[in-house]
Amino acid sequence: MKHLTQLKSLMVAALTVLLSMGLTACMQGFSVAETAAQAPASDNIPELALKRVNQTFKTSFMMGDWYYQGATAVKGGIDAYIQIPSELDMDPEYQRNYLRQSVCPKADNHQLWKELSGLSLSVHLYTFNKRFSVHATCKNPLVS
């Protein structure tokens, strides 16, 4: 009877280790796939444009409880991420309009828009996970 209990304990421990290893491998595989999907896009984005976007948003969100979390290169453009403490109490379409009107860089930021010529700029708001962001694409005033 004692051996049967020990065998069950050993099997439960082994199963736990195997499940843990499988989950870790799955998470690592997802991370590698996500990185690989973004890697080719970064080759198409000028480093100066990415730095300019980071500089523009970083200075805009230095105070308050909205935190600029950086920009990433995506195919054909740049995504800028802003973390907010709680969801905005408004319809997602109103949030997108708010982002376009109030958060997107202004038309007088000529240097930024010049460097982004031909690239899109999207601003994302999220609370805890970037995957669940509300986003809007900013309109480049230099492109008709």
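Residues numbered from 1 in each chain as written. Predicted model: local features only at pLDDT ≥ 70, side-chain atom pairs only at ≥ 80, totals over all residues. Heavy atoms only, no water.

S.K.: What should I look at first to understand a nonpolar patch on the surface in this one?
M.R.: On the surface, M90, Y94 and Y98 cluster together into a nonpolar patch covering about 310 Å² of accessible area. With respect to the element layout, M90 can be found in the loop between strand 2 (77–83) and helix 3 (92–103). Of the residues examined, M90 reaches a relative accessible area of 37% and is grouped as partly exposed. (Patch = residues over 30% accessible without salt bridge, like charges linked within 9 Å, V, L, I, M, F, W, Y side chains within 5 Å. Areas by Shrake-Rupley, 256 points an atom, 1.4 Å probe, with all protein chains shown as cover. Salt bridge = Lys/Arg side-chain N within 4 Å of Asp/Glu carboxyl O. Helix = DSSP H or I, 4+ residues; strand = E, 2+ residues; numbered from the N terminus. Buried < 20%, exposed > 50% of the residue type's maximum accessible area, 1.4 Å probe, protein only.)

S.K.: Help me understand the packing of aromatic side chains in this model?
M.R.: Ring pairs (aromatic) are described by centroid distance and by the angle formed between their planes. Scanning all chains against the criterion turns up six aromatic pairs. Taking the centre distance of 6.4 Å and the plane angle of 15° together, the rings of F57 and F61 count as stacked. Of the two residues, F57 and F61, neither departs from the other in class, the shared state being buried. Considering the side-chain rings of W66 and Y98, the 6.3 Å spacing of their centres and the 75° angle between planes classify their relative orientation as edge-to-face. Of this pair, W66 sits in the loop between helix 2 (47–60) and strand 1 (67–74) while Y98 sits in helix 3, and the two are 32 residues apart along the sequence. For W66, a relative accessible area of 17% corresponds to the buried category. Sitting over the face of the ring of Y81, K130 holds its NZ or CZ atom 4.8 Å from the ring centroid. (Phe/Tyr/Trp six-rings, centres within 6.5 Å; stacked < 30°, edge-to-face > 60°. Lys NZ or Arg CZ within 6 Å of the ring centre and 35° of its normal.)

S.K.: How should I be thinking about the state of the cysteines in this particular structure?
M.R.: Note: disulfide means a covalent bond formed between the sulfur atoms of two cysteine side chains. In the structure shown here, the tally under the stated rule is one disulfide. Between C104 and C138 runs a disulfide, and the two sulfur atoms are separated by 2.0 Å. On the S-S bond that ties C104 to C138, the torsion sits near -80°, and the link is left-handed. A residue pair is termed long-range when its members are at least 10 positions apart, and C104 in the loop between helix 3 and helix 4 (110–115) and C138 in strand 4 (residues 134–138) qualify at 34 residues. (Disulfide = S-S within 2.5 Å.)

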